[in-house]
Amino acid sequence: MWETKYEKSSGLTDKKLSYCPGCTHGIIHKLVAEVLVELDILDRAIAIASVGCSVFSYDFFNCDAEQSPHGRACALATGAKRVLPENIVFTYQGDGDLASIGIAETIHAANRGENITVIFINNAIYGMTGGQMAPTSLLGQKTTTSQDGRDQAHHGNPIHISEMFATIEGVAYLERVAAYDPKHVIAAKKAIKKAFQYQMENKGFTMVEVVATCPVNWGLKPVDAMKWSKTAMEPVYPLGVFKDKGAK
Amino acid sequence: MWETKYEKSSGLTDKKLSYCPGCTHGIIHKLVAEVLVELDILDRAIAIASVGCSVFSYDFFNCDAEQSPHGRACALATGAKRVLPENIVFTYQGDGDLASIGIAETIHAANRGENITVIFINNAIYGMTGGQMAPTSLLGQKTTTSQDGRDQAHHGNPIHISEMFATIEGVAYLERVAAYDPKHVIAAKKAIKKAFQYQMENKGFTMVEVVATCPVNWGLKPVDAMKWSKTAMEPVYPLGVFKDKGAK
Amino acid sequence: MPKGRVTFNEELCKGCGLCVEYCPTHILYMDMKTLNKAGYNIIKVSDPDKCIGCAFCAIMCPDSVIKVEVNK
Amino acid sequence: MPKGRVTFNEELCKGCGLCVEYCPTHILYMDMKTLNKAGYNIIKVSDPDKCIGCAFCAIMCPDSVIKVEVNK
Amino acid sequence: MDAKNIKVAGFGGQGVMMFGQILAYSATKDEINGLWFPSYGPETRGGTANCSVIVSDKQINSPVFKNADHLVAFNLPSLDKFKGNLVNNGLILYNSSLINEEVKMDNCVAVGVPINDIATTLGNDKVANMVMMGAYLELTHLFSDETIQAIVKKILGERKAHLLGVNIKALEAGKNHVRNLGVKYA
Amino acid sequence: MDAKNIKVAGFGGQGVMMFGQILAYSATKDEINGLWFPSYGPETRGGTANCSVIVSDKQINSPVFKNADHLVAFNLPSLDKFKGNLVNNGLILYNSSLINEEVKMDNCVAVGVPINDIATTLGNDKVANMVMMGAYLELTHLFSDETIQAIVKKILGERKAHLLGVNIKALEAGKNHVRNLGVKYA
Amino acid sequence: MAKVLMKGNEAIALAAIKGGVDAFYGYPITPQNEVPEYLSKHLLDAGKVFLQAESEVSAINMVYGAAGAGKRVMTSSSSPGIALKQEGLSYLTAAELPCLVVSVMRGGPGLGSIQPSQGDYYQATRGGGNGDYHLIVFAPESIQETIDIIKESFDIADYYRNPVMVLVDGLIGQMMESVDFDRPVKERFLPEKNWATTGTRNHPGRRNVANSLYLDPQALENHNIHLHEKYKIVKKNETRYELINFDNPEYVIVAYGTMARIARSAIEMLKKDGIEVGMIRPISLFPYPELAFDQIPESTKGILTCELSMGQMLDDVLIANNGRKKVGFFGRAGGMLPDPEEIVAAIKNFDERVVK
Amino acid sequence: MAKVLMKGNEAIALAAIKGGVDAFYGYPITPQNEVPEYLSKHLLDAGKVFLQAESEVSAINMVYGAAGAGKRVMTSSSSPGIALKQEGLSYLTAAELPCLVVSVMRGGPGLGSIQPSQGDYYQATRGGGNGDYHLIVFAPESIQETIDIIKESFDIADYYRNPVMVLVDGLIGQMMESVDFDRPVKERFLPEKNWATTGTRNHPGRRNVANSLYLDPQALENHNIHLHEKYKIVKKNETRYELINFDNPEYVIVAYGTMARIARSAIEMLKKDGIEVGMIRPISLFPYPELAFDQIPESTKGILTCELSMGQMLDDVLIANNGRKKVGFFGRAGGMLPDPEEIVAAIKNFDERVVK
Ligand SMILES: Cc1ncc(C[n+]2csc(CCOP(=O)(O)OP(=O)(O)O)c2C)c(N)n1
Ligand SMILES: Cc1ncc(C[n+]2csc(CCOP(=O)(O)OP(=O)(O)O)c2C)c(N)n1
Ligand code: SF4
Ligand code: SF4
Ligand code: SF4
Ligand code: SF4
C-alpha cells in the first residue's frame, strides 16, 4: 500500500509561485513552510515579505503577512514582535534588500537581540530589477551594472554578512547554508528549524543565510546555476554555523 | 631664550569652539588639525562635518568643508573623494551619527574600501540633542531615553563598531583610542596620523574610534568625565589596533 | 512492484529540469513535444519501475509539482 | 629661571579645570573671583617657577587656551 | 502611408519583443517614425509578453492605441487577450503551430502560419519569429527586404553573424508560406 | 490684573529658566493663565539663556511680545540685549553683583540687587536666583508668599527638601534688600 | 482634575497615553525630544512598548509593523526627520494602516535651524511620498488644543484606517501652558480590527496581509479610487476650523497654529485702531476647510494669509478663494517669530501684500 | 547625425553624457534601470565616475558630496526611491548645490506597481523635504524632448545653483522612439564654481563650505528670502510651455508628459467631430506656466485637467485659473493608460467632470 512521502506543504497557499524556472526561492519557500508546520507555529506566524523577487511571498506563505518597504523588513518585524511577543515573526529577504539598503535595520535588530528570525537569500545579484550588481556579487561577476565584471577598485568587495553579524552580541543563532543539492537542502531545513526553535525559546535574533541562485540573471540554465552556486559562490561564502548561543 | 612648545594649531580657524567646558571634541579637533598641518595636507583636505555637537566643525577645521545630513557623512565623503581623488577627504562623526542612523553609509563606504578617513567620536550618548541613549551607551547607563539605566532586554546591547568593522575587507586601518589623559591623547594623535598617511597612500578605508566624553549629558564634571571614560567605558570598548593592512 | 511512485501536478511545472538532474536513477525526462498552459515543457517518467522513492526530485522541485509515494 | 612658561588666552577659557587636573606640578588653580566675558572662572598660575614646560595642560585643554614655551 | 498600430504578443522567449523592435528599427532606417513600447516587469517572466509598435511617416502622438491594425499572436493566450481590439479590416497573423483550431473573425483577415514547425525544418527553433516576420511583411509590405535584412544583420552583430543565413532563410520561408496560401491583405 | 509680559535672561547655570518657570507655575496655582517659553538649543550652552513669561487672568493669545513689562537681567550681556524692548514705565531688575555701573533709563524703573553677594552671605551661591525672585515679588506683588513657597517646595521635591529653608531665606533677603532701598514699582 | 502647567512636548506624550497608545517608535531630534523622553519612562513603566529606533526611516517602518498588527502606534519627529519618513508614510497610507505621527516643525530647508517654523506645510499636506495619498493633518494653536486632538487622533486614525499627523511648531513643543487633560473626547463607534496581522489562530480561515503592491494596474487604480472616496468622507466629517471676529470684517486673516495665536493679538490691536479684521483658523489642514471661505462677506476687502514660512498654505487659500477676493501674504521664515505689531502693519498696508 | 531608435532610459543616460555629466550615483529601481545600466558601462569606459550606492538615501548624499566639489552630478530613481531622497534634496537645495535628478514615475502609493504614472507631481513640485525650497522641474512628453532637456539641465542647474529634476513616467523610460542627439543647446554664460570645495590650495585665502545650517534665525530667514528671490528669477527665465490648437478653442486641455501625447491624438479626433479643443502643455512644472492661462480666450467654455493620477497638477491649474473658467478633471491612476477615445469622451461630457 502507498504512503505519501513528499507532497506540497500545507504551509504554502495554493497560489502558483511567481519565480522563474528553477529558482531556489521556491525551494527555500518550501523549507520555511514545512518548518512552520512541523513546529506547529503556522497559525501564530507573521511573515514579513521584503522587496525583491520574493515580495509576493506574502501570498505564498500560508500565514499572516506584512509587505515591507525595500530593506525595512527587520524594522517591521521589530515593530510587530514588540507588540505581539507571543507570535512568531520572521523576515524573508534578498541580498539587495538585507545587505544593501537594509543593512542598518538588520544590524540594529540583531544588536538589540530582537527575538525574530531572518531568512536571508544570498543570490549575489538583484533579481527582481533585472540583474544589477549586489554587494554580495562576486569579484569578476558580470552584471548589468558591472558589465565588465565586478572590479574591486570600482565596486568594492563582496560583503560577508554572516562573518560581520557573528560579532554582534544580540545574535543567538547564525548559519550559512546552501541549496544546490538534496543533501544541502535537507541541511538548510535543519538550520531554519533551529532558528525558529530559538525564537520560540526567546533566545534572541536568529538568521540563516542561504547561498542561492538566480538562473535568469546569471544567464545560466537552472542546473548550471546550481553548479555555479556550489563552485563559484560557496568558496567565497563558506558554509557553517557562525554563532550558536544554545551550543554548549 | 624662550621657544614655543605648544600653541593653537594653524589647522584650526580662530572661531571659538562651540563645545561645552571640558568636552573632548575640542581635544580631538586639535589632534586632527595638527595632523593635517604636519602632513601638509590642510590645503587639499575636505572635512565632512556630521550632525551632532561637532556639526560646527565645518567652521573650526581650517580647510574646505561640507556639512552632511545626519548619518550620511560617509556618503558625502564617497561622492567627493570619487570625483576628487587627489584631495584628502575625512569625516568627523559622533556615535549617534555613525553607529545609529549612519551605520549603512559607513559600512558600505568601508566595504567598498573608499579611500577616506573617518574620525569616530564615541561618547556613549547623544550630546547635541540633550543626552538620549546612543547604541553605544553602556548597560545600566542612565540617559534621557533610558532613565532607569540601559536595560539589554529593552534597549539592546552597546554596539561594538571597531570589532564589527574589523571583519570588513575594504578596511585598511582601524584603531580604537582614548583621550582621558595626556599619554592617551598623544597615542590618539599617532593613530589619526597613520590613518591620514594611509589615505595619502591610497590604502583604503581608515577609521579611528575615540573613546570620548560628554560631561554635560553624563552629568559629570569634566575631570570626572575623563575618569568615567577610563573606568567605565574603556573596559567595554577596549583600546587597540583592530586592523592594519600596512602592518607586515 | 516499484519502491516508489512519482506524480506530477503538470500545470505548476516550469520545465526547469532540476528533478531530471537530481533523480539518482535517471528515470525522468523532459517531454519536448508537450507544453502546459504556461508554455513550459513538462516532465515524464521513462521507467516507473526504477523509482526508489528517494524524493530527491520533489525536494529539489521549486514549485512543489511532484508528489512522491513509497510502498509500505 | 623656570624650565617652562604658560600663558592663557583667557577669553577662550571655559573653566573646565582639565589643565589644573593634569598639571603634574600642581601650579594651576581656578580663580573663583574673576569671570571672563563668557562668564567662566579663569585659570591662574600659583607658582610660575615650578613650570617644567611639559605642556600637559595645553595638550588637555580642549579650547587651545594655553601657550607653552620652554627655555632653550 | 498612414500610421500603423501593431500589437505583438506571445510567450516570453518566443522573440516577441525582438519582432516588434525590428519593425521600429526598420521605420527609423527608412526615415519615418517608429515607436516601440513593451509590457514590462516581473509578471512577464514565464508568462506572456507583448509589445506595441507604431510606424508612421507623420509625428506619432499617442503611444497608446485602443485598437490595433495588425495583431501578431505567437500563442493562444495572446490571441484570446488581444483579438477583441482590432480595427475593421484588421490583420490577425497567428502561430498555427501552437494555435490548433483555425481563427475566424468578421471583418478581419486572419492568417495562420506554423512558424515552429517551419523553423524546425530549417533546423533552428529560434528563428520561428523570423518566419513570422517574413509572413507579416508578405502580407503588409511595410518594409523592403533590404531594410529588414540590414536590421537583422545589425541586431545579430559580429557574434551571431553566422546566423544571418538561417534568419534570411526563415524570412523567405515565411513569405513563401503566405504566397502558397494565396492570401492577400495589403 | 492685565497680562504681564516678563523677560528673564542671564548666563546658563544662573537659574534663569527656573526663575521664569516658578512664575508660570504660580500663575497656574492661582488659577490664572501662565505661559513660559525658553530660548532653546545648543547655542544656549555656556552662552546666555533667556525665557519669556506671560501671566494673565484672561486667555493668552500671542506667546510672542515685542516689549516686556518686566526685564530681569542676571548679567550684563542680557541687560544690553533686552533693555531696548521695554514698555513705558517698565521694570528693569538687574544683578548688581555682575553689573557694576548703575542702570539709568528714561521712563523705566531700574533696580539693582547684588544677588550673588547676598547669596554668598547666605552660604549658598545657588540661591542667587531666589534672592532675585524675592526682590521681584517685592516690586511687582504678582504672587503671594504662600504661592511662591508652595511652588519652590514642589520643585525642590523630596531630594532637595532640606534646601527649602535657605531658599525661603533667599526670598526674604531679596525682599528686604528692596525694602531697604525704599524703591516702589507696583 | 485641576489645570497643570506643562511643556507642550510632554503634554503631547501624556495625551497620547490618555489616547491609549500601545507603542512608540522614534528617533531623537530637537525640538521634540521631550516627547520620546517622557514616553520612554512612562510607557515602559506601564508595560507598554517604547523603542528608540536607529533612524527615522526605521522608526516609521517599526510603526508599520506594529500598526499592521493592529496596535495603537505613534512616532514623533521634526522637519528633516519627517522627510525621511516619507516613503514609510506612503506605504502606511497605501496599506491603510492607522497611526499617529507628530511633527514639530523647525526652520528649514536642509539642516536649517531648530527654531519654530511652519515651513513643512507642503510636507504634511502634499507629502513627498510617492503616489496619490493623504495624511489627515491637524494643526492646533495651543497646548490645550494639542492635547484634545492627540487624545482623539487614535480614534480618527482607526476609524478611517489612515495615518493622522498632528502638526505643531517648536514653540508649541517647547513652551509651557496651564492645561487640563480631562476634557471629554467625542465618542466614535470603532469596528474591531479584523484586518490585523495577529496570526491566523486569531482569525481562523482568513489570512490577513498588510500590503500596498498591486501589479495589476486596474487593481491599483481601483485601490486609488477607494482611497480617494475615503478622503471625500474624511473631508465631509473631519474638516475643522474656527472663525474669529467674523461679523462683517474689513479684512480676513487666514492663519493656523502659533501664527493664528499671534494674529489673535493683532486682531485685538487693530480693533483698538478701529479696524475690524476676522480670521479663518484652519484646524484641519487636510482636509482643508474650503467651505469656511464661502462665509467671507461680500464687503470684505481682502484675505491676508499669514504663515511662518515663505508661503505654502497660500496654495490652499488661493484654491479655496478661487478668485473671489484679493489674496495677500505675510510670512516670516527660518525661526523668526513676528510680534503682533508686524501683522497689524501688514493689514494696514494690505495692498503691498497682494499676490493675486 | 541621422536619427536613431533608442529606449527612453538609455537616451536619458546618453543625453546626460552629452550634457557633460562627471558622476552618477544611484540605486536600481524599475522602471528606470536602463539609466544606470547604460551609464555603468559608458561612464567607467570614459574614465568618469559611476557608483551604485547602497540605497537612494546614500545615493542622493553622494550627489551632495560630489556636487559640493563642483562636479556635474546626477542621480536617477523612481517613486519610492525619490521619496527616500527628500531629505537630501532639501539639503542640496538649501546648500545651493546644482545637480540633475531624473524621476521616472510608476504607480503608487506605497510599493504600488511599476507601470507608468504621474502620481508624483506633488513629490516633484512640493517635495517632502523640509522647509521652503523648490526643485526646477521639467516634464518632457517625448524621448526627443527628454534628450534636449537633459542636455541643457546641467547648465540650468549650474546657472541657478539649484537641483533640476527631469520628471517622466515609466512609458517614456521604457519605450523606443526615433531620436536625434545633435540638436543645439542654448548657450549660457556660466560663472566658474568658485564656491566648490576643492581644497583651499585651489582658492587660497578662502575656505569654501557647503552648508545649510544657520543657528541664527535672522540669518536663516535671509537665506530663505535669497532662495525665494532666486525662484522668482527662475520663474521669469525658465518657464516653459506649449500651446496647441489654440485659436479659439471651445475647451482647453491642460496635460503634461505622456498624458499630453495621448491628448494630442484626442484633439485630432475631436477636430474630426467638429469640436475645437486646445491644450496648454506645461513643460516646466516648477516654475508653473501660470501666464499661459491668461491666453485662454473669453469664449472658451472650460478647462479639462488630464493627469495619470487622481489629481495633483489640478492644484496648480486652479491657482493659475483663479476662478476664471470652470475647471474639470480627467485622470487614470495606478499604471492605467487611457486611450485617446477616453479623453474625447471626457471633453464631450465636460460638465460631469467639473470640480470647480
Ligand atoms: C526604495 C526602493 N528602492 C529600490 C527598489 C527597486 N528594487 C526592487 S527589488 C530590488 C532588489 C532585489 O534584489 P534582492 O534583494 O537581492 O532580491 P532578489 O530579487 O534577488 O531575490 C530593488 C533594488 C524599490 N522597490 N524600492
Ligand atoms: C535626520 C535627523 N535626525 C535627527 C536629528 C537630530 N540630531 C542632531 S544631532 C543627533 C545625534 C547626536 O549624537 P552623536 O552623533 O553621538 O554626536 P554628539 O552630539 O554626541 O557629539 C541627532 C539625533 C537630525 N538633525 N537629523
Ligand atoms: S529573477 Fe532570479 S531570483 Fe528572481 S525569481 Fe527569477 S531566478 Fe529567481
Ligand atoms: S553636549 Fe556633550 S558632546 Fe556635546 S559639546 Fe557638550 S559635552 Fe561635548
Ligand atoms: S523540478 Fe519541478 S518545476 Fe522543475 S521541471 Fe521538475 S517538476 Fe517541473
Ligand atoms: S583646560 Fe583650557 S579651557 Fe579648561 S580650564 Fe584650563 S585653560 Fe580653561
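Refer to the structure printed above.
Attention in this report is confined to the structure presented alongside it. Bear in mind that the values here come from a model prediction, so they are computed numbers and not experimental data.

Here is what the cut-offs are and how they apply
Residues numbered from 1 in each chain as written. Chains lettered and ligands numbered in written order. Predicted model: local features only at pLDDT ≥ 70, side-chain atom pairs only at ≥ 80, totals over all residues. Heavy atoms only, no water. Pairing = 2+ DSSP bridges. Helix = DSSP H or I, 4+ residues; strand = E, 2+ residues; numbered from the N terminus. Axes fitted to C-alpha atoms, helices over the stretch in contact; angles between N-to-C directions. Contact = heavy atoms within 4.5 Å. Buried area = accessible area lost by both parts, 1.4 Å probe. Salt bridge = Lys/Arg side-chain N within 4 Å of Asp/Glu carboxyl O. Polar contact = N/O pair within 3.5 Å; in protein donor to acceptor, adjacent residues only side chain to side chain. Nonpolar A, V, L, I, M, F, W, Y, C, P; charged D, E, K, R; others polar. Least-squares fit on C-alpha atoms with pLDDT ≥ 70 in both. Phe/Tyr/Trp six-rings, centres within 6.5 Å; stacked < 30°, edge-to-face > 60°. Buried < 20%, exposed > 50% of the residue type's maximum accessible area, 1.4 Å probe, protein only. Near = heavy atom within 4 Å.

Residue and element names in this part refer to chain H. Strand order across the open sheet formed by five strands is β10-β12-β11-β14-β15, with mixed pairing between neighbours. Edge positions in the sheet fall to β10 (241-244) and β15 (326-331), since each of these pairs with one other strand and no more. Direction aside, neighbouring strands of the sheet carry axes that sit 20 degrees apart on average. The pairing of strand β14 (residues 302-307) with β15 spans six bridges and is classified as parallel. Of the residues in β15, the one forming a bridge with Cys306 is Phe330. Packing of helix α11 (residues 313-321) onto the sheet brings it into contact with β11 (251-254), β12 (277-282), β14 and β15, and relative to β14 it is tilted by some 160 degrees.

On to the interface of chain H and chain G, then. Facing 60 residues of chain H, the contacting portion of chain G comprises 60 residues. Both sides of the chain H and chain G interface together cover about 5200 Å² of buried area, and 59% of this is carbon and sulfur. Counting the contacts that link chain H with chain G gives six salt bridges. Across the salt bridge formed by H:Glu290 and G:Lys356, the nearest N and O atoms sit 2.6 Å from each other. Taken together, chain H and chain G are joined by 32 residue pairs in polar contact (both at pLDDT 80 or more). Within the residue set of the side of chain H that touches chain G, elements represented by two or more residues are α4 (79-84), α5 (86-94), α6 (121-125), α9 (217-238) and α11 of chain H. Looking at the side of chain H that touches chain G, the element that brings in the most residues is α9(H), giving eight residues. Of the residues contributing to the side of chain H that touches chain G, the split by class is 22 nonpolar, 29 polar and nine charged.

Each copy of the sequence occupies a distinct position, and chain H is placed on chain G by a rotation of 180 degrees and an axial shift of 0.0 Å, giving an RMSD of 0.0 Å. Given the turn and translation reported, the copies of this chain are related as if by a two-fold rotation axis. The position closest to the rotation axis in chain H is occupied by the C-alpha of H:Gly128, lying 1.7 Å away. Of the interface residues in chain H, 100% have counterparts in chain G that sit at the interface too, so the contact is made through matching surfaces.

Enumeration according to the criterion identifies 32 aromatic pairs over all chains in this entry. Ring centres 5.7 Å apart and planes at 65 degrees place the aromatic pair A:Tyr19 and A:Phe60 in the edge-to-face group. Of this pair, A:Tyr19 sits in the loop between β1 (2-6) and α1 (24-38) while A:Phe60 is found in the loop between β2 (45-49) and β3 (64-67), placing the two residues 41 residues apart along the sequence. Here the two residues A:Tyr19 and A:Phe60 agree in accessibility, since each one is buried. Considering the side-chain rings of A:Tyr126 and H:Tyr27, the 5.7 Å spacing of their centres and the 65 degrees angle between planes classify their relative orientation as edge-to-face. Placement of A:Tyr126 in strand β6 (residues 125-126) and of H:Tyr27 in the loop between β2 (23-26) and α2 (34-45) is noted, with the two residues assigned to different chains. The pair formed by A:Tyr126 and H:Tyr27 is uniform in burial state, with each residue classed as buried.

As a structural note, the neighbourhood of ligand 2 is formed by 22 residues, with B:Asp95, B:Asp97, B:Gly127, B:Met128 and G:Glu56 the closest of them. Bordering ligand 2 are residues originating from chains B, G and H. Within the side chain of B:Asp95, a nitrogen or oxygen atom sits 2.3 Å from an oxygen atom of ligand 2. In this structure, an oxygen atom belonging to ligand 2 sits 2.9 Å away from a main-chain N or O atom of B:Gly96.

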